[in-house]
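Observations on the three-dimensional arrangement
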Amino acid sequence: MNDWLTQAENWAFILIALPMVLGAWRSVTSRNVVHSVLFLVITLAASAALFLLLGAEFVAWSVVLVYIGAVIVLFLFGIMITRAPLGMETELSHSNQTKLGAALVSGALFALITVAVITGFGETEIVSNPTRTSEIGQSMFERFVIPFEVVSVVLLAALIGGIVLARRDPAEPGDSSSSLGGAQSAHVTAEGGEA
Amino acid sequence: MNLILATGFLVSRCEGSRVTLADYLPIGMMLVFGIGFATVIMWLSWRIAPNNPTPEKLAPYECGIVPLQEPVQRFPVKFYIVAMLFVIFDVELVFLFAWAVRFESFGWAGIGAMGIFVILLLETLVYVWKRGALDWNVARRGRNRRIVVDSLEDAA
Amino acid sequence: MTGWEIFLTAAIKTVAAFAFLLTLTIILVWFERKTVADLQNRIGPNRAGPWGLLQTVADGAKLLFKESVTPRKVEFGLYIAAPVAALVPALLIFLVVPIGRPFHIGDRLIDLSGTDLNIGLLYILALSSLAVYAVVLAGWSSGSKYPLLGAVRASAQMISYEAAMGLALVPLILFTGTTSLKQIVEIQGGSFGDTFLPAWNVVLIPSFLIFFIAGIAETNRAPFDLVEAESEIVGGYHTEYSGFRFAMFFLAEYINIFNIAAITVTLFLGGWHGPTFGLGAPFDWVLPIFWFLAKSMALVFVFVWVRATLPRMRYDQLMSFGWKRLIPVSLLWIALSTLAIGVRRMGLPWT
């Protein structure tokens, strides 16, 4: 234990991991959806920092670009289109009755990932050299070509699913429900000019 | 600040093996510096500037009148669809970057694989486009416009 | 280098970059006001200091002494975090831009950039996507309708053009084979064959144009400044900000303008490369800095020129221009350049 504490890297790890755990904890306990999302940003930023500590620059900045820059913005837009986007009214309405179930599920998931990582890597030393972008490309195109192509199909399916849920069919006329604001027939052509 | 010191310490401890962390030192410093500058100058401004709040001054801005309505409760779902499209293009971008750095070494097979990937994702854009999710309020505006023009013609 | 030397170099570079950006903002604001005035046949600021140069300093000092009103419905923590979130990414992006030729101190080679990252382009994209947070936080925490409308508009606009911006960079990476800004600049030294034409990446003209247009939209400048369309949504996301909190948004906007200009110059217009006329010791590193600044200021002038010339776009035009024109064109350009560079380096696929 003493030996573990003298390593500078371990201190850096603790300094990054603490806000990460705190952010994760607050993001599930916060009563305000927007605050939850912003706490999630802290967690994701810390995970990017952990990747940096491992020398995985490319992965770290991909996390910032994709998760913090895009996915969280998607969450925020999700909040904006649903209900009461302003300040204090964003409180969650339902109670925390599902606490136990959530705790069980997340505990089981944690156990599963821990076991998977330990059995998968065991005592393997992490290569401390910085990973180059080209190496990632190499493994992507030489070992994982099929999963790489599957990613695009999954993304395609996700987007189409999202749109089918979110929008009514363009053929349906006379849509006046406010939740689907701009869902009127989309085939009317633009007439140009200012309104 | 602790993080920076730790990073500096870390850099001095493991020279050579982790060159990247030394590259990130200026970034960490600028982060602290920027936040520090912003905090100090806003605090300074708060100290030296006058502070005379009145109920009218503290009301949300509404061009000088009393706010009557709450702001819109919901935004059009189009914003959400654009954000989804952006997530997809962002993921595509990360893969494109990883591929483009050494695209010669993957040869034409790599170009083919990337081509399939991009075309599959392009399909999302085409789908969204065809569904009209990228036409912002055109339909409604077109309808209003026609009515206005009709009534004007009647009057004339 | 030992740890302390690394630490010291980093500290000096950071402070220098920070001071440079602040001074530059003062000049940029003056430059924009003066140029727009000239373009509109007015005089512009001419009272404070020679040619009105100190006008920005006076304005900044005024904002410092102004009351910072905190409206009643504000969520204070996030409200005060938003200007910081606007300023910090703007400062950070500049660190990867090389502003001049590396020079020697003793036997040590010092790069004239804050830092050089292998994944420089990814870093630039990632940080410019963080700029959305300032807008969203400001709009949401203000508790008022105009900021919220402006914020949602602005964030949708910024993410749309961010995608185009990233796609425009892919042909550049194909062409240069690196994402480090330092190496991209080094590749652009010399000239094409025996001609006098400099070997800049301007051959990638479509990338250059898409990147620069998307950059104007990213910084929310005219004609893409719907974010602060005064006639519709007052000041947009910073309607409820006053005093120095507002000045922070202003500062961030101008630093971002310079960042876009500087990055465009670095990626496409040869960075700090330029004729040194065979001059000796001090000039071979002073002149590159001059060339870098001159090129960047030329692009900043384009920013101002566009603002003075073009009217503001309508929101549906803005979104359809981004998604229906810019992104398909950049995808097509990626396909074309991949085929062209592929054939040139690897021969035809069937041979």
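Summarised in this report is the structure supplied together with it. (Residues numbered from 1 in each chain as written. Chains lettered and ligands numbered in written order. Predicted model: local features only at pLDDT ≥ 70, side-chain atom pairs only at ≥ 80, totals over all residues.)

1. A short note on the packing of helix α7 (residues 205-218) of chain C against helix α11 (residues 315-346) of chain C
All names here are of chain C. Two elements in contact, α7 and α11, have axes separated by 10 Å at closest approach and are oriented at 150°. With respect to α11, the element α7 is oriented roughly antiparallel. Of the two elements, α7 crosses α11, and the hand of that crossing is left-handed. Of the residues in α11, those touching α7 at Pro 206, Ser 207, Ile 210, Ile 213 and Ala 214 are Leu 326, Val 329, Ser 330 and Trp 333. (Axes fitted to C-alpha atoms, helices over the stretch in contact; angles between N-to-C directions. Helix = DSSP H or I, 4+ residues; strand = E, 2+ residues; numbered from the N terminus. Parallel < 35°, antiparallel > 145°, perpendicular 65-115°, else oblique. Left-handed = near helix turned anticlockwise from the far one by under 90°. Contact = placed C-beta atoms within 7 Å.)

2. Regarding the environment of Leu155(A)
In this structure, Leu155(A) sits in helix α7 (residues 145-166). Once the C-alpha coordinates of Leu155(A) and Phe51(A) are considered, the two residues, 104 residues apart in sequence, prove to be 24 Å apart.

3. Observations regarding the interface of chain A and chain C
In this assembly, 18 residues from chain A lie in contact with 21 residues from chain C. Tallied by class, residues from the side of chain A that touches chain C come to 12 nonpolar, three polar and three charged. (Nonpolar A, V, L, I, M, F, W, Y, C, P; charged D, E, K, R; others polar.)

4. Describing the environment of Glu240(C)
With respect to the helices, strands and loops of the structure, Glu240(C) is situated in the loop between α8 (230-233) and α9 (243-268). Expressed as a C-alpha distance, the spacing of Glu240(C) and Ala154(C), which sit 86 residues apart in the sequence, is 16 Å. Residues in contact with Glu240(C), not counting those within four places in the same chain, are Tyr61(B), Pro71(C), Val74(C), Ser142(C), Ser144(C) and Pro147(C).

5. Let's talk about unusual backbone geometry
Residues and elements named next belong to chain C. One non-glycine residue with positive phi stands out, namely Trp 51, at about 50°. Here Trp 51 is to be found in the loop between α1 (3-39) and α2 (55-64). Although it is not a glycine, Asn 220 adopts a positive phi angle of roughly 55°. Inspection of the secondary structure assignment puts Asn 220 in the loop between α7 and α8.

6. Here's the deal with the packing of helix α5 (residues 145-176) of chain C against α11(C)
Residues and elements named next belong to chain C. As a packed pair, α5 and α11 sit with axes 9 Å apart at the nearest point and diverge in direction by 10°. Classified by the angle between their axes, α5 and α11 sit roughly parallel to one another. Seen along the crossing, α5 lies across α11 with a hand that is left-handed. Here the residues of the contact of α5 with α11 sort into 19 nonpolar, six polar and one charged.

Structural measurements only, silent on function.
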